[in-house]
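# Per-entry structural report
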Amino acid sequence: MSHPVTPRRSTRSSAGSASDPASPTSPSKSRPKSTPRRQLIPAAAKEEEGEDERSTINALLEALPGRRAQASDLLRLLAPAPALPLLLYGGAATGKTRALLLALRHILPRPRLVAYAALRSLPSPRSLFASLLSQLSPPSSSSASCRKRVPDKPSDFVAALRDALATHCAQGESVYLVFDNLEVVRSWDKGGQLLALILRLHDLLRLPQVVLVYVSSATPDAYYSMTGSVEPNHIYFPDYTVDEVRDILMRGHPNPKLYTSFLSVVLKPLFRVTRRVDELGAALEPLFRRYCEPLGDMNAVPDESTKRRLFEHIQPHLAVALNETFSVPMRASVDQCKDGNSGVKASTKRQFSGRDSLSTELEFHMSVSAKYLLLSAFLASRNPATLDAALFDSTGGSDNHKRKRKSSQASINMKDTMVEEMLMKGPGTFPLERLLAIFQCITSVSKDDLSDVECPDSMMNGSGMTGLMSDILLQLSTLCNSNFLSKSRSCPLEGSARYRSNIDEDLALKVARSVSFPLSKYIYRR
Ligand SMILES: Nc1ncnc2c1ncn2[C@@H]1O[C@H](COP(=O)(O)OP(=O)(O)OP(=O)(O)O)[C@@H](O)[C@H]1O
């Protein structure tokens, strides 16, 4: 797993700790050691300061399981102002917003002001300007007069923003300007220009007490290569591991023993469907209620035989849940942050707003079987049919390396030419039988994978995959209706319909990742 890389700046007032590479994981080590001669009084003061810092860090870490390094980095890089801009980046629901909002509560010095723009809930540049300016305007000014002054042009916005910020800075206040889900700006009309301007705010405003914080799913390179502005510090939020997710879900549970035994049965299979904490939380809640049905007392600590009974009870419900669409309630974190734009109803973070988000949305709007079907269709369209036997061995697994070694140079050349031709022609069509054969092969591999779920012996029976073959034709027609696949007219020779996959490799890989399927092993490459 890649580790967060946070560039350190010697220009920062916090440069001492920021330059210590050990600091993200071991905050206590990062404080410079005081020299023995000066130790007497300053050491006592430092110790007190250290105590405060430790308790702040502990409080934050407790609220942020799995985000130790990021929490320490945040505390270090957010305060004290003046600071460079900060970019938090990583996949969906990796805790960026939560970590930032919690860290902002803990940092010093005060007084300080946080103006937060939840870009997913703002429909246009003008609503962004209005939101930020109203959060920065003095409480006394009436909303009507504020609305009148909302600028249309980005340059006017920068001028208005500077005026509003200067008032706070003159009063000795630090101001944190947060742009959450920055990638949304790109999808707006003239979004590219506005994005460049937002990223250059540090240079344009030149107000040392103002800290700019960007939160995004895109990497720093995606932004800063195009603006030429000062590069921010950045903190990476990797996807959670299953153990981290377990820690998050366990946090503060009233009956940890019961919940641990529940999670030991359901978490791993669900984790293969989605790694998002919010989706897992939503899927687990009704399942846990089911799990507890046979128990009279919710505070009971289950013994081994009870665990077995509970497992038998939950097993069929788990199989159904694995095939279901996840729906996640609106995000609390965004709800909690008033963006000051009363006219705009904060929407869920589930809006479709461009291609990228479409592919992320797939993670929870498709059932597992639909995802496998889509992957099968992608492989059928992408790979030549003659290579199916070589790519899928009799056990359903990919065995192409072995086969390739056995192939003669001439046959390799022939296959290469064939693949090249296929790629030139674009995705190929395939009959239903081929799709189902590939589907059966790749799902049989996943069944094997599911056998490592922690559960009493042989009770899993292939886990949630039991219902996988059901309703395949229905799923197929849904995929066609949604344009992920297209169905051509019947082939005059075969007399049956043929299908074609309409998705590209990037999207297929994302879908594969969401079910932990090793797709690239099955894509024929030269
Ligand atoms: N470490 C954690 N502890 C507790 N809850 C968490 C943690 N990480 C994420 N969550 C929960 O998961 C959900 C998504 O988290 P958050 O909004 O912080 O993610 P994000 O990285 O900002 O997502 P996005 O990129 O989609 O905006 C929230 O409900 C949040 O409370």
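Here we summarise the structure given alongside this text. Quantities reported herein were computed from a predicted structural model and do not represent experimental measurements.

The helix and strand tally for the protein stands at 24 helices and 8 strands. Residues classed as buried in the protein amount to 50% of the 526 residues present. For the protein, contacts bridging at least 24 residues in sequence account for 75% of all contacts bridging at least 6. On the protein, roughly 25,900 Å² of surface is accessible, and the fraction owed to carbon and sulfur atoms is 53%.

On to the packing of helix H4 (residues 68-78) against helix H5 (residues 96-106), then. Axis separation between H4 and H5 bottoms out at 10 Å; the angle between their running directions is 50 degrees. Between H4 and H5, the interaxial angle falls into the category oblique. Our pair here, H4 against H5, has a crossing hand that is right-handed. Together, Leu74, Leu75 and Leu78 of H4 and Ala99, Leu100, Ala103, Leu104 and His106 of H5 make up the contact between the two elements. When its residues are assigned to classes, the contact of H4 with H5 shows 7 nonpolar, 1 polar and no charged.

Okay, the environment of Gly95 next. Locating Gly95 in the fold gives a position in the loop between strand S1 (86-90) and H5. What makes Gly95 buried here is its relative accessible area of 14%. When the C-alpha positions of Gly95 and Gln70 are compared, they lie 9.6 Å apart, and in sequence the two are 25 residues distant. Setting aside its immediate chain neighbours within four residues, Gly95 contacts Phe237 and Tyr240.

With that out of the way, let us pick up the packing of aromatic side chains. Within the structure shown, the criterion is met by 11 aromatic pairs. Ring geometry for Tyr259 and Phe288: centres 4.8 Å apart, planes at 80 degrees, overall edge-to-face. Taken together, the positions of Tyr259 in helix H13 (residues 256-273) and Phe288 in helix H14 (residues 277-292) put the pair 29 residues apart, joining distant regions of the chain. Take Tyr259: its relative accessible area is 8%, and that puts it in the buried class. Relative to Tyr291, the ring of Phe288 lies with its centre 6.4 Å away and its plane at 20 degrees, an arrangement referred to as stacked. Note that Phe288 and Tyr291 are positioned in helix H14 at a spacing of 3 residues, about one turn of the helix. With respect to class, Phe288 is no different from Tyr291; both count as buried.

How each quantity is defined
Residues numbered from 1 in each chain as written. Predicted model: local features only at pLDDT ≥ 70, side-chain atom pairs only at ≥ 80, totals over all residues. Heavy atoms only, no water. Helix = DSSP H or I, 4+ residues; strand = E, 2+ residues; numbered from the N terminus. Buried < 20%, exposed > 50% of the residue type's maximum accessible area, 1.4 Å probe, protein only. Contact = heavy atoms within 4.5 Å. Areas by Shrake-Rupley, 256 points an atom, 1.4 Å probe, with all protein chains shown as cover. Axes fitted to C-alpha atoms, helices over the stretch in contact; angles between N-to-C directions. Parallel < 35°, antiparallel > 145°, perpendicular 65-115°, else oblique. Left-handed = near helix turned anticlockwise from the far one by under 90°. Nonpolar A, V, L, I, M, F, W, Y, C, P; charged D, E, K, R; others polar. Phe/Tyr/Trp six-rings, centres within 6.5 Å; stacked < 30°, edge-to-face > 60°.

Worth remembering: the numbers are spatial, not functional.
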